[in-house]
Amino acid sequence: MVDLFAGCGGLSLGLEQSGFTPWFVNEIVEQFCNTYKANHSLSDRHYYVGDINELNRHLDDYNDLLTDITLVCGGPPCQGFSMANRQRIIDDPRNNLYKAYLYFLSKIRPKFFIMENVKGMSNKIKEIEENFKEYLGDEYQFDYALLRAQDYGVPQNRERFILIGNRVGVEPKLVFEEIYKQKRSAFILRDALEGLPHLESKKEKGAKNIEDPLSGFTECNFQYPKTEFYYFINGDKDITRLYNHKNRYNNERDIEIFRRLPQGANSLHESIADIMPYKRRNDIFKDKYYKLDETQICKTITSHMKFDCNMYIHPWEARGLSPREAARIQTFPDDYIITGSQNMWYAQIGNAVPVKLAYVIGNAIMKFL
């Protein structure tokens, strides 16, 4: 399989767990690609770190690697996408990555492809169908669905537009029927957080490279409790190292807000009325703070966490979620190492496709290969 716009590898990893072999990877952000490399054993030639448009101009250099590809997957960012936008998606200059994805498919001609995107893309499906036909002709059949990660065990409210196509004569609706057969009840937030070490906020602003039991470690020995959720994300592996479980700096006011808020409450809650810094703009900032409810699925993990975790307050500790906790909510296995700076750990995890959602998609496609 080929993974375009690969990020740190969430989509790839789920597909790999279902039986696909990652073979060629494209990602423009070197820091994100370094995480992918740290968790895979491919040689450097199997990576193109850079703009997909540049890759497309040099595809002939990779002929030996890009023949007989079973699956191409990826989520091209569509910055110019808007339901109110009257311009066709493909004509918006900000959507050149979408066009580049279509061009790559037209040249590599995999047996199957997956395109994932924001759920609002479904409102443009007629246009998208036209675009795919422009580039791929009638060789491919494809269909789409809005898939909710929580329907497949993921402890998170996350809905994505998934388009699947193939040129091997498989009725696309049958692939989605195989996906739906794998539905199960979601784990809740408590399942993902239970048993991880206690953390507190860093006390010193701007202090980097601090490794200690209070604010956490980049890597340390740890024995995980063997819960049902542990086996869901890790299988039968016995993992004895804890990665990326570190907290960031928070000021005293924020820590007090984190402490006072009850689970499920936001900035408007009376418990913090006397210290809430944005009172005069409550209508704008009601979600400036939000304390997660351990008995529910988590709100959508996003890359905004790289700025602060005030909307992702830990349900029973006065702090935001750690990157490892966010990774567990995204169903990354516990031995998946996120590299780079601490804020970029959050960015990579927030941008990823939940691993176990990708896994059920891969399982469904595998049935027809």
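In this report, the structure presented in the accompanying data block is examined. Here the structure is a predicted model, which is why all the values come from computation and not from measurement. (Residues numbered from 1 in each chain as written. Predicted model: local features only at pLDDT ≥ 70, side-chain atom pairs only at ≥ 80, totals over all residues. Heavy atoms only, no water.)

## What to know about the overall build of the protein chain
Counting secondary structure elements, the protein chain contains 13 helices and nine strands. By the compact-globule yardstick of 21 Å for 369 residues, the protein chain fits well, its C-alpha radius of gyration being 21 Å. For the protein chain, the C-alpha atoms occupy an extent of roughly 65 × 50 × 40 Å along the three principal directions. Among the 369 residues that make up the protein chain, the fraction classed as buried is 53%. In the protein chain, of all internal contacts separated by at least 6 residues, the share reaching a separation of at least 24 is 68%. A total accessible area of about 16,100 Å² is found for the protein chain, and carbon and sulfur atoms account for 47% of it. Computed over 48 positive and 50 negative side-chain charges, the separation of the two mean positions in the protein chain equals 4 Å. (Helix = DSSP H or I, 4+ residues; strand = E, 2+ residues; numbered from the N terminus. Rg over C-alpha atoms; globule rule 2.2 N^0.38 Å. Buried < 20%, exposed > 50% of the residue type's maximum accessible area, 1.4 Å probe, protein only. Contact = heavy atoms within 4.5 Å. Areas by Shrake-Rupley, 256 points an atom, 1.4 Å probe, with all protein chains shown as cover. Lys, Arg positive; Asp, Glu negative; His and termini not counted. Charge placed at Lys NZ, Arg CZ, Asp CG, Glu CD.)

## Comments concerning the nonpolar core
Residues Leu66 and Phe132 are the most contacted members of the largest nonpolar core, which totals 35 residues. Elements represented by at least two residues in this core include exactly β1 (2-4), α3 (52-57), α4 (96-108), β5 (112-118), α5 (125-136) and β7 (159-166). No other element matches α4, which puts eight residues into this core. In this structure, phenylalanine 132 is in contact with Tyr98, Tyr101, Leu102, Leu105, Phe113, Met115, Gly137, Phe142 and Leu163, ignoring residues within four places of it in sequence. Core analysis: the second largest hydrophobic core is formed by 27 residues, Leu193, Tyr312, Ile338 and Trp345 among them. (Core = buried A, V, L, I, M, F, W, Y, C linked by side-chain atoms within 4.5 Å.)

## Concerning unusual backbone geometry
Non-glycine residue arginine 109 carries a positive phi angle of around 50°. Relative to the helices and strands, arginine 109 resides in the loop between α4 and β5. Assessed through its relative accessible area of 36%, arginine 109 is described here as partly exposed. Notably, asparagine 244 is not glycine yet its phi reads approximately 60°, a positive angle.

## Topic: the packing of α4 against α5
At a minimum axis separation of 9 Å, α4 and α5 run at an interaxial angle of 40°. As the angle between them shows, α4 and α5 are arranged oblique. Two packed elements cross with a definite hand, and for α4 against α5 that hand is right-handed. Where α4 approaches α5, its residues Tyr98, Lys99, Tyr101, Leu102, Tyr103, Leu105 and Ser106 are matched on the opposing element by Ile128, Asn131, Phe132, Tyr135 and Leu136. Here the contact of α4 with α5 is built from residues that sort into nine nonpolar, two polar and one charged. (Axes fitted to C-alpha atoms, helices over the stretch in contact; angles between N-to-C directions. Parallel < 35°, antiparallel > 145°, perpendicular 65-115°, else oblique. Left-handed = near helix turned anticlockwise from the far one by under 90°. Nonpolar A, V, L, I, M, F, W, Y, C, P; charged D, E, K, R; others polar.)

## What about the packing of aromatic side chains?
In this structure the tally under the stated criterion is 17 aromatic pairs. Centroid distance phenylalanine 113 to phenylalanine 142: 6.4 Å. Interplanar angle 50°. Geometry classified as tilted. Of this pair, phenylalanine 113 sits in strand β5 while phenylalanine 142 sits in strand β6 (residues 141-148), and the two are 29 residues apart along the sequence. Like phenylalanine 113, the residue phenylalanine 142 is buried in the burial classification. Between tyrosine 224 and tyrosine 230, the ring centres sit 5.9 Å apart and the planes meet at 45°, which makes this aromatic pair tilted. Using a relative accessible area of 0% as the deciding quantity, one classes tyrosine 230 as buried. (Phe/Tyr/Trp six-rings, centres within 6.5 Å; stacked < 30°, edge-to-face > 60°.)

Keep in mind these values describe shape, not function.
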